[in-house]
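# Architecture and fold: a report
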Amino acid sequence: MSSGGQSSHSLAFRVMRLCRPSFHVDNPLRLDPADLLVGEDIFDDPLAASDLPRLLHNHTLKSNDSDLTYRTRFLLNDPSDAMGLSGLLVLPQAFGAIYLGETFCSYISINNSSNFEVRDVIIKAEIQTEKQRILLLDTSKSPVESIRAGGRYDFIVEHDVKELGAHTLVCTALYNDGDGERKYLPQFFKFVVANPLSVKTKVRIVKDNTFLEACIENHTKSNLYMDQVEFEPSPHWAATVLKAGEEFSDKDPPTREMFKTPILIRSGGGIQNYLYQLKLSSQGSAQMKVDGSNVLGKLQITWRTNLGEPGRLQTQQILGSPITRKEIELQVSEVPSVTILERPFMVHLTLTNQTDRAVGPFEVWLSQSDSQEEQVVMVNGLQTMFDNCVGFRCDNVLKLRMTLGLPQVEAFCSTDFRLSLIATKLGVQKITGITVFDIREKRTHDPLPDLEIFVDSN
């Protein structure tokens, strides 16, 4: 960590980063005495294997702290010795890397290196980034009364790192020197914040289901243990995490999720994939189509390093496929599985208003062709409807269509109606040309997609 200051001052700042220590690992390889005395095939004979502990006890040396020759220092006296961990912890020997999502914690000491006392010391510490300045400490309202010659004043500051790039820890002191002169000391400590991991997402739509795949890659030099990778869906969406080889039931204890094992993502490019199934509610579907929003949600990621140093990140909003705004939607609710030739059949339709205002009234018609030979499905005279029945009027000469009147539909509401049709040709046939026309706005909406039916003779 670099710093800048002036040498003419009585005071000087010293900064040490506070972070978790690391394990002290013994490099020499230790040996099991059994590997020196017997071969691995001794375990093939149960009788000889049972006598092995007694033989080793008589022929191997025991560790003795008073033995200054350290003859047994390379022997495995305990199975845990194979790990090479001595039980000691090592404090950080360098400032180290700082990653996004971590908590920057620093121990700051302001030292008086002069031969006289300084008084009325006002100390400030702040973090400066490219976008903002965050105040960490300010003693303006309660200045440090004095710092004796050779003495110091210590404090600890913390900051949740939320930005990438260059950061500067600015420490300033305003104080009275030994001769009563008011002096101002600024010192700067610079460091760079890196990205600990990258998140790549893919959105796939299969029929009525939306699947979100997230790939997390570790860019740090230490292993990351993922405590939580949770997808927070936006309103009207529900998310379920899919895991291979795991089946959950209602009988599973609630502690199963509470004490689940963290997922390890190894250092230097290790990856882990997550899959979520997203479902949209019926109310949410209508609202999203009106708003034109395709926001699915965001990922909340929490992790720990080898000795439990925590980290937390939140992704930006993840977007799905673009949603086309459609004010009026005409859907088929019910159609008979088999239709009898030249016998009337009913098609149940639903007209939905997906806007925040009332629309209509409407006309619904089934377009007809000029050639009578090509008309395989046609309207069956007058229609019978409930509440909103207006009836058909026929104008074959001028419009070549039969129309049905529908009343006004309120905001986010729908109306059901039925068409009575007749098929004039056997086999698989298509109903085409069912169209909605807004009388008030003089606007024709998109026709209903072609609907296939099967026409039988009896």
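Residues numbered from 1 in each chain as written. Predicted model: local features only at pLDDT ≥ 70, side-chain atom pairs only at ≥ 80, totals over all residues. Heavy atoms only, no water.

## Observations concerning the packing of aromatic side chains
- A full pass over the atoms with the stated rule returns three aromatic pairs.
- Seen in terms of ring centroids, phenylalanine 104 and phenylalanine 191 are 4.9 Å apart; in terms of plane orientation they differ by 20 degrees. Their pairing is stacked. Residue phenylalanine 104 is found in strand 6 (residues 103-112), and its partner phenylalanine 191 is found in strand 12 (residues 182-194); the two are separated by 87 residues along the sequence. Each member of the pair, phenylalanine 104 as well as phenylalanine 191, is classed as buried. (Phe/Tyr/Trp six-rings, centres within 6.5 Å; stacked < 30°, edge-to-face > 60°. Helix = DSSP H or I, 4+ residues; strand = E, 2+ residues; numbered from the N terminus. Buried < 20%, exposed > 50% of the residue type's maximum accessible area, 1.4 Å probe, protein only.)

## Some points on unusual backbone geometry
- Its identity is not glycine, yet aspartate 120 carries a phi of approximately 50 degrees, on the positive side.
- Along the polypeptide, aspartate 120 turns up in strand 7 (residues 118-128).
- What makes aspartate 120 partly exposed here is its relative accessible area of 36%.

## Side note on the sheet that holds strand 30 (residues 427-431)
- Sheet architecture is open: three strands sit in the order 23-33-30, paired in mixed fashion. Only two strands of the sheet have a single partner each, and these edge strands are strand 23 (339-340) and strand 30.
- Pairing between strand 30 and strand 33 (residues 451-456): five bridges, direction antiparallel. Across the sheet, the residue bridging to glutamine 429 is isoleucine 453, located in strand 33. (Pairing = 2+ DSSP bridges.)

## Points about the pairing of strand 18 (residues 271-280)
- The pairing of strand 14 (residues 209-218) with strand 18 spans eight bridges and is antiparallel. Within the sheet, the bridge partner assigned to glutamate 213 lies in strand 18 and is leucine 275.
- Pairing between strand 16 (residues 237-242) and strand 18: six bridges, direction antiparallel. What sits directly across from threonine 240, in strand 18, is glutamine 277.

## So, the environment of alanine 94
- Here alanine 94 shows up in the loop between strand 4 (85-90) and strand 5 (98-99).
- Through-space distance from the C-alpha of alanine 94 to that of methionine 16 is 9.2 Å; in sequence the pair is 78 residues apart.

## Side note on the pattern of salt bridges
- Within this structure, the stated rule accounts for seven salt bridges.
- With a closest N to O distance of 3.6 Å, arginine 17 and glutamate 102 form a salt bridge. Of this pair, arginine 17 sits in strand 2 (residues 11-17) while glutamate 102 sits in the loop between strand 5 and strand 6, and the two are 85 residues apart along the sequence.
- The class of arginine 17 is buried, set by a relative accessible area of 13%.
- On the accessibility criterion, glutamate 102 (10% relative accessible area) is buried.
- Glutamate 117 is the partner of arginine 119 in a salt bridge, and the nearest nitrogen-oxygen pair spans 3.2 Å. (Salt bridge = Lys/Arg side-chain N within 4 Å of Asp/Glu carboxyl O.)

## Focus on the sheet that holds strand 10 (residues 152-160)
- Spatially, the three strands line up as an open sheet ordered 2-6-10, and their pairing is antiparallel. Strands with a single pairing partner mark the edges of an open sheet, and in this sheet they are strand 2 and strand 10. In this sheet, neighbouring strand axes are inclined to one another by 25 degrees on average, regardless of whether the strands run parallel or antiparallel. (Axes fitted to C-alpha atoms, helices over the stretch in contact; angles between N-to-C directions.)

## Quick look at the environment of glutamate 163
- Checked against the element boundaries, glutamate 163 lands in the loop between strand 10 and strand 11 (165-176).
- When the C-alpha atoms of glutamate 163 and glycine 101 are compared, they prove to be 8.5 Å apart, with 62 residues separating the residues in sequence.
- Setting aside anything within four residues of it in sequence, one finds glutamate 163 in contact with Leu100, Thr129, Glu130, Lys131, Gln132 and Val193.
- At 3.0 Å, the side chain of glutamate 163 forms a polar contact with the side chain of threonine 129.
- One polar contact links glutamate 163 to glutamine 132, side chain to side chain, over a distance of 2.7 Å. (Contact = heavy atoms within 4.5 Å. Polar contact = N/O pair within 3.5 Å; in protein donor to acceptor, adjacent residues only side chain to side chain.)

## A few points about the confidence of the model for the protein
- Mean pLDDT over the protein: 76, with 69% of residues reaching 70 or higher.
- Note that residues 382-401 has pLDDT below 50 and, in this model, 46 contacts with residues that lie over four places away or in other chains. (pLDDT = per-residue confidence, 0-100.)

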